[in-house]
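The residues making up each chain are set out below.
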Amino acid sequence: MSMVSLAVMFGLLAGVATCLVVVLLRRRNGSTKNAEGLLIEQASRIQAQRDRSSYSTLAMHNTTPTMSDQYRRP
């Protein structure tokens, strides 16, 4: 009985994971088609860039960052 319940549980988990992957892949393919949406996306990108620079380690702690991708050695 316990093997059946484990199989059902893993089957449900696999089904949920599959549904999530499908939803995420569908969202990525959707693009903005009108000018207003493009302007909103552009404003969001600019605001995110400003926030990253305003709240960076250097701005907040007056020290250089140590774990940022930008400063890691290749």
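We now turn to the structure provided with this report. Every chain begins its residue count from 1, and numbering advances along the sequence as written. This being a predicted model, a pLDDT of at least 70 is required before a residue's local features are given, and a value of 80 or more before pairs of side-chain atoms are given or counted; all residues contribute to the totals for chains, interfaces and linings. Excluding hydrogens and water, the side-chain values take into account all heavy atoms of the structure.

Within the protein, the secondary structure is distributed over three helices and zero strands. Runs of H or I in DSSP of at least four residues are treated as helices and runs of E of at least two as strands, each being numbered from the N terminus. Order of helices (α) and strands (β) in the protein, N terminus to C terminus: α-α-α. To sort residues, take the accessible area from a 1.4 Å probe on protein chains only and compare it with the maximum for the residue type: under 20% means buried, over 50% means exposed, and anything in between is partly exposed. The 74 residues of the protein split such that 3% are buried. Taken as a whole, the protein presents about 7,300 Å² of accessible surface, with 61% of it coming from carbon and sulfur. Exposure was quantified through the Shrake-Rupley algorithm and a 1.4 Å probe, taking into account, for residues, occlusion by the shown protein chains and nothing else.

Our next topic: a nonpolar patch on the surface. On the surface, a nonpolar cluster with roughly 530 Å² of combined accessible area is contributed by M3, L6, M9, F10 and L13. By the secondary structure assignment, L13 is in helix α1 (residues 2-29). Within the patch definition used here, like charges are joined within 9 Å and nonpolar side chains (Val, Leu, Ile, Met, Phe, Trp, Tyr) within 5 Å, considering only residues with over 30% relative accessible area and no salt bridge. Put simply, a salt bridge is a Lys or Arg side-chain nitrogen that is within 4 Å of an Asp or Glu carboxyl oxygen.

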